[in-house]
Amino acid sequence: MNNPKKIQAALISVFDKDGLAPIVQKLHSQGVAIYSTGGTEKFIKEMGIPVIAVESVTGYPSILGGRVKTLHPKIFGGILNRQKNPEDVREMSMFSLPQLDLVIVSLYPFEEAVAENASEVEIIEKIDIGGISLIRAAAKNYEDTVCIASKNEYGELLQLLETQGVETSEDQRKYFARKAFHTSSQYDTAIYNYFNQSESEDSFDTLLKSFDLNKRMPLRYGENPHQKGTFYGNFDAMFDKLHGKELSYNNLLDVDAAVTMMSEFQNEPPTFAILKHNNACGLAQRNTVLEAYEAALAADPVSAFGGILISNSPIDKNAAEAIDQLFCEVVIAPGFEPGALEILKAKKNRILLVLKKYALPEITLRSCLNGTLVQDRDNITDSKEILTYPTNNKPTETELNDLLFASKICKHTKSNTIVLVKNRQLMASGTGQTSRVDALKQAIEKARSFDFNLDGAVMASDAFFPFPDCVEIADKAGIQAVIQPGGSIKDELSIAYCNENEMAMVFTGIRHFKH
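Conventions used here
- Residues numbered from 1 in each chain as written.
- Predicted model: local features only at pLDDT ≥ 70, side-chain atom pairs only at ≥ 80, totals over all residues.
- Heavy atoms only, no water.
- Helix = DSSP H or I, 4+ residues; strand = E, 2+ residues; numbered from the N terminus.
- Buried < 20%, exposed > 50% of the residue type's maximum accessible area, 1.4 Å probe, protein only.
- Contact = heavy atoms within 4.5 Å.
- Areas by Shrake-Rupley, 256 points an atom, 1.4 Å probe, with all protein chains shown as cover.
- Lys, Arg positive; Asp, Glu negative; His and termini not counted.
- Charge placed at Lys NZ, Arg CZ, Asp CG, Glu CD.
- Pairing = 2+ DSSP bridges.
- Axes fitted to C-alpha atoms, helices over the stretch in contact; angles between N-to-C directions.
- Core = buried A, V, L, I, M, F, W, Y, C linked by side-chain atoms within 4.5 Å.
- 1 Å grid on protein atoms, 1.4 Å probe; cavity = no way out; pocket = protein on both sides within 12 Å on 5 of 7 lines; lining within 4 Å.
- Points joined across faces, edges and corners; volume = space filled by probe spheres on them.
- Salt bridge = Lys/Arg side-chain N within 4 Å of Asp/Glu carboxyl O.
- Parallel < 35°, antiparallel > 145°, perpendicular 65-115°, else oblique.
- Left-handed = near helix turned anticlockwise from the far one by under 90°.
- Nonpolar A, V, L, I, M, F, W, Y, C, P; charged D, E, K, R; others polar.
- Polar contact = N/O pair within 3.5 Å; in protein donor to acceptor, adjacent residues only side chain to side chain.
- Phe/Tyr/Trp six-rings, centres within 6.5 Å; stacked < 30°, edge-to-face > 60°.

> How should I be thinking about the overall build of the protein in this particular structure?
When you go through the protein residue by residue, the secondary structure sums to 19 helices and 22 strands. C-alpha atoms of the protein, sized along the principal axes, occupy 100 × 55 × 40 Å. Counting every position in the protein, which comprises 515 residues, the buried fraction comes to 48%. Considering only contacts within the protein whose residues lie at least 6 apart along the sequence, 56% involve residues at least 24 apart. Put simply, the protein shows about 25,200 Å² of open surface, and 50% of that area lies on carbon and sulfur atoms. Side chains of the protein carry 53 positive and 67 negative charges; the gap between the two charge centres is 6 Å.

Next comes the structure, spelled out in structure tokens:
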């Protein structure tokens, strides 16, 4: 252990006390003197553990409504003194400064106050002064002092205390110092962003602040084993993880695709989707979750192996028994009914996620060249209200419902794409093709390979048809109705073919490219 230091005295001043008690107990059992003030001091006293009031050291009470508590030379001298510096050692003795080897802080929740639309007075009072000063002082003096700057580090500190007692190495102290400066940097940035707001501020700049980049989840690796990967964001705000291994980079991409896809079917009858490589290989809507799952699986039981499963309704025992027969990486649902969870937990690595009520960011980000592309999220869902009907034949009510169902899937499938649907069941899709004709041929071939009868099916396209070849191919396969954006200078050619062959076609006026 390089440059070992023993913790003999700790200053604890925290807003968030969840998880603090076992640390306090461990420090006390190891003979560490504990200094504190305000609510933290009261919390420790109620545990029955001796605590030295900061006021008894400084000679000043907490003043100005609690704005000034720890800001005093005797406290900061105890943190910042260099134990190997003879002059510092002399002054410590001269001014009777307490040696403070460990500082534990969690800051006032400024960002939470802003997010909750608190009043300006309340927000300003959540700007931490003493805490941020303690963090900077302790982190600066990492050669002699351990700095814990967030409740997110409570667990690591407790583990350290349990495995090696109150002695720390310089590498460990420097590690915590690095995390501390990251915490203080993010905190100051949040405050700056709040004060930098104006009515003329660019909407993208405002929306970028909705991304929670303070929380960091290291991943085993990136897209491939030779790539490093990290997730920045508050995963726990969207999900309760009930079971399974750690999520991988690719798992997270698929989960994102699944959640975004299923957002189109909220408050609708039971809908089930199976995704692979960010695209739906099966999706269906039925009267029960079990029926929806079985219909989704039927679309492509081969690709479903190792897929990501998502339901818009709680998963019951019957559905769980069927799902358990399939090897799948992740199962997502708004809940799991009694009995279902025990069945699905039988596979130790299967990841089970409860999707909470959530709001996806209004923008999407993507690295590009030496910068970042930012755009509005595609929040338009095609509906009956926006449709126009250019052909003589109009879709039946059943066909219209299937067309809109197909359009929702199409919106979340890699371009160029064609989606085939019948009776609220994805029959097949052509995904990520350089030619729309190729996407259609791929979809037809795939549907037939799983013995689907395309007579009476409908087709959705993410973009317009520049030529009538796609509607002709679809017609010959048995497809009766088409939904597409329209807008080609040669729309009349596709319309004319549909009229001549009694096909129905509707235009949405909205393109849904997804790259």
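> Where do I start with the sheet that holds strand β19 (residues 426–430) in this structure?
Strand pairing in a sheet takes place through backbone hydrogen bonds and is either antiparallel or parallel in direction. Taken in spatial order, the five strands of this open sheet run β19-β18-β20-β21-β22, and their pairing is mixed. Every interior strand has two partners, whereas the edge strands, β19 and β22 (504–507), have only one. Each adjacent strand pair in this sheet contributes to an overall mean axis angle of 15°, direction not counted. Of the pairings in the sheet, the one linking strand β18 (residues 418–421) to β19 comprises four bridges and is antiparallel in character. Following the sheet pairing, leucine 420 is matched in β19 by alanine 428.

> So what exactly am I meant to see when it comes to the sheet that holds strand β4 (residues 52–53) here?
Pairing within the open sheet is parallel, and its five strands lie in the order β4-β3-β2-β5-β6. The open sheet has two free edges, formed respectively by β4 and β6 (146–148), since each of these has just one partner strand.

> What is the right way to read the nonpolar core from this model?
As a rule of thumb, nonpolar side chains are buried together in soluble globular proteins. If you look at the biggest cluster of nonpolar residues, it comprises 40 residues, and the most contacted ones within it are Ile332, Leu353 and Ile409. Not counting residues within four places of it along the chain, the set of residues in contact with isoleucine 409 comprises Met261, Phe265, Leu283, Val419, Val421 and Leu426. Core analysis: the second largest hydrophobic core is formed by 30 residues, Val57, Ile79, Leu134 and Ala177 among them.

> I would appreciate a short explanation of empty space enclosed by the protein in the present structure.
Empty pockets left among the atoms are what a rolling probe the size of a water molecule brings to light. As enumerated under the stated definition, the model contains one cavity of 30 Å³ or more in all. Of the pockets and cavities examined, the largest cavity occupies roughly 50 Å³. Every residue along the wall of the largest cavity is listed here: Asp382, Ser407, Cys410, Ala460, Ser461, Asp462, Ile483, Gln484, Pro485, Thr508, Ile510 and His512. The set of elements that each furnish at least two residues to the lining of the largest cavity consists of α16 (397–411), β20 (458–461) and β21 (481–484).

> Whenever I open this one, the pattern of salt bridges confuses me. Can you help?
Here the idea is simple: oppositely charged side chains can pair when their charged atoms come close. Per the counting criterion, the structure on display carries 17 salt bridges. One salt bridge in this structure joins arginine 82 and aspartate 88, with 2.7 Å as the shortest N-O distance. Take arginine 82: its relative accessible area is 46%, and that puts it in the partly exposed class. Between lysine 245 and glutamate 329 there is a salt bridge, with the nearest N and O atoms lying 3.3 Å from each other. Here lysine 245, found in the loop between β10 (239–243) and α12 (249–262), pairs with glutamate 329, found in strand β14 (residues 328–333); they are 84 residues apart in sequence, far enough to count as distant. Judged by relative accessible area, lysine 245 falls into the partly exposed class, the value being 26%.

> Can you walk me through the environment of glutamate 500 in this structure?
Considering the arrangement of structural elements, one finds glutamate 500 in helix α19 (residues 491–500). By relative accessible area, glutamate 500 is classed as exposed at 63%. Spatially, the C-alpha atom of glutamate 500 lies 10.0 Å from that of asparagine 393, the residues being 107 residues apart in sequence.

> Help me understand the environment of alanine 295 in this model?
When you line up the elements, alanine 295 lands in helix α13 (residues 289–299). Given the relative accessible area of 9%, alanine 295 is considered buried. Note: C-alpha distance between alanine 295 and methionine 427 (132 residues apart in sequence) is 9.4 Å.

> What am I meant to see in the packing of helix α1 (residues 21–29) against helix α9 (residues 154–164) here?
If you want to describe how two helices pack, look at the angle between their axes and the distance between the axes. One can describe the packing of α1 onto α9 by two numbers: an axis separation of 10 Å at closest approach and a directional angle of 30°. Viewed along their axes, α1 and α9 adopt a mutual orientation that is roughly parallel. As α1 packs across α9, the resulting crossing turns out to be left-handed. Listed contacts from α9 to Pro22, Ile23, Lys26 and Leu27 of α1 are Tyr154, Leu157, Leu158, Leu161 and Glu162. Across the contact of α1 with α9, the residue classes break down as seven nonpolar, no polar and two charged.

> Is there a simple way to explain the side chain of threonine 145 in this structure?
Along the chain, threonine 145 falls in the loop between α8 (130–140) and β6. What makes threonine 145 buried here is its relative accessible area of 0%. Within polar-contact distance, the side chain of threonine 145 engages the backbone oxygen of isoleucine 79 at 3.3 Å. In this structure threonine 145 touches Ile79, Leu100, Asp101, Leu102, Val103, Ala138 and Arg173, once residues within four positions along its chain are discounted.

> Can you walk me through the packing of aromatic side chains in this structure?
The description of two aromatic rings rests on the distance between their centres and on the angle between their planes. Applying the stated criterion across every chain yields a total of nine aromatic pairs. Where phenylalanine 110 meets tyrosine 187, the ring centres are 6.3 Å apart and the plane angle is 65°; that geometry is what we call edge-to-face. With a gap of 77 residues between them, phenylalanine 110 in helix α6 (residues 110–115) and tyrosine 187 in helix α10 (residues 170–195) connect regions that are remote in the sequence. Take tyrosine 187: its relative accessible area is 7%, and that puts it in the buried class.

> Explanation requested: the environment of valine 89 in the structure shown.
Its location among the elements puts valine 89 in helix α5 (residues 86–94). Note on valine 89: relative accessible area 44%, which makes it partly exposed. For the pair formed by valine 89 and valine 68, sequence separation is 21 residues and the distance between their alpha carbons is 27 Å. Those residues in contact with valine 89, other than ones at most four positions away along the chain, are Arg82 and Gln83.

> Would you take a moment to explain the packing of helix α4 (residues 73–80) against α8 for this structure?
Packing of α4 against α8 brings their axes to within 8 Å, and their N-to-C directions diverge by 30°. It follows from the interaxial angle that α4 and α8 lie roughly parallel. Residues Ile75, Phe76, Ile79 and Leu80 of α4 touch α8, and the partners they reach there are Ser133, Leu134, Ala137, Ala138 and Lys140. The residue makeup of the contact of α4 with α8, split by class, is seven nonpolar, one polar and one charged.

It is worth stressing that arrangement in space is one thing and function is another; only the former is reported here.
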